[in-house]
Amino acid sequence: MPEAPGAPAAPPAAPDGGWTAPSATVPAQRHVPKHAAKESGEPVPAAAGVGVNVPQHRAARFEGLRAWLRRPAGRAVITGVALALVLGAAFASGRFLVPAVSKPRAGTSVAPPPSTTPGAVETGEAPVPAPPATTFTPPAGTRERPSDVLAAWAGPRAVKLQIPPVAMQAYGYAELITARTTPGCKLTWTTLAGIAKIESDHGRTNGSLLQEDGKAVPPIVGPPLDGQSGRKAIKDTDGGTIDTDKTWDRAVGPMQFLPSTWKDIGVDADADGVTDINDIDDASLSAAALLCSGGRDLSTVEGWNAAIRAYNVPDEYRTAVFNATNDYGRRDRTG
């Protein structure tokens, strides 16, 4: 949990104007406790859909229905029904495990001031699970992760966006689980990816790498929150159990949680029996729970701003996350 990043330039008025993401060299552990800095307001992500083929009807009496189905409104309805059937089949087959998500503490910050940026964050395509793979064999030394159901969806995006495949699966899986357990939140994987980019470069900061089972090795531990170099002073809250420091607290893992926050909202997303702060699956779904707490709707400017501020207060942090989120969404959608 380091000092806040330097203030970048405010985002332009329209998100489609060719924004660039933060530098690939990401300072390690930017997470700052919620009460450590000032507040203000910024942007918001939006939802995305998936296309399907519409069948033709030969009977003449259905000619009107055929014409309606060719229109944008008709295609949108068919799209929604098809996506619901796909997700329902995946959940019914048992490929999705819905962890018992502990309820995080509701955000206590006041509503953000009106955003000066009228546009919304560009979101990527929603994750759609592939049919269960009957021949799947976990890599040597690992076990099958529930998020492996998104391997086909995550693979091409991981290459295009330069995100580790296991992280890409974790972000998409967290979106799908959140859509089922907290549908009003409207969280997208791009917001989780934007946060992870700023917090730890997707688990790659300080020489760490995400393994095939989602674990960050070596563990990612930030500097002590000892009041030095602009950092907030936070005395130890976990006896060093999570952050290995018995004097001061430190931010830990690919999503950089404080030990006290992790104890409140940590989730076992990969069903391995361990709630692991250094596991990208557990950390991503736990971050989703934190962002969605307090009944936030992240498809609104106010809801998105409040969610990011609940994660980390400074304006410059929110701007950096916005830029990264927008960049991932635009690049995913435009190829």
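Look up a bit, the structure's there.
Residues numbered from 1 in each chain as written. Predicted model: local features only at pLDDT ≥ 70, side-chain atom pairs only at ≥ 80, totals over all residues. Heavy atoms only, no water.

What follows is about the overall build of the chain. When you go through the chain residue by residue, the secondary structure sums to 9 helices and 2 strands. Listing every helix and strand of the chain by position from the N terminus yields α-α-α-α-α-β-β-α-α-α-α. Within the chain, buried positions represent 49% of all 335 residues. At a minimum sequence separation of 6, the contacts of the chain that also span at least 24 residues come to 71%. Taken as a whole, the chain presents about 14700 Å² of accessible surface, with 57% of it coming from carbon and sulfur. (Helix = DSSP H or I, 4+ residues; strand = E, 2+ residues; numbered from the N terminus. Buried < 20%, exposed > 50% of the residue type's maximum accessible area, 1.4 Å probe, protein only. Contact = heavy atoms within 4.5 Å. Areas by Shrake-Rupley, 256 points an atom, 1.4 Å probe, with all protein chains shown as cover.)

Right, let's talk about the side chain of aspartate 148 for a bit. Within the secondary structure, aspartate 148 sits in the loop between helix H2 (72-92) and helix H3 (151-161). Looking at aspartate 148, its side chain comes within polar contact range of the main-chain nitrogen of arginine 145, at 2.8 Å. (Polar contact = N/O pair within 3.5 Å; in protein donor to acceptor, adjacent residues only side chain to side chain.)

A few words now on the packing of helix H4 (residues 165-181) against helix H5 (residues 189-200). Running from N to C, H4 and H5 cross one another at 135°; their axes reach a closest spacing of 8 Å. The angle between H4 and H5 places the two elements in the oblique class. The way H4 lies across H5 gives a crossing that is right-handed. Only Trp189, Leu192, Ala193 and Ala196 of H5 make contact with H4, whose side of the interface consists of Met168, Tyr171, Gly172, Ala174 and Glu175. Tallied by class, residues from the contact of H4 with H5 come to 7 nonpolar, 1 polar and 1 charged. (Axes fitted to C-alpha atoms, helices over the stretch in contact; angles between N-to-C directions. Parallel < 35°, antiparallel > 145°, perpendicular 65-115°, else oblique. Left-handed = near helix turned anticlockwise from the far one by under 90°. Nonpolar A, V, L, I, M, F, W, Y, C, P; charged D, E, K, R; others polar.)

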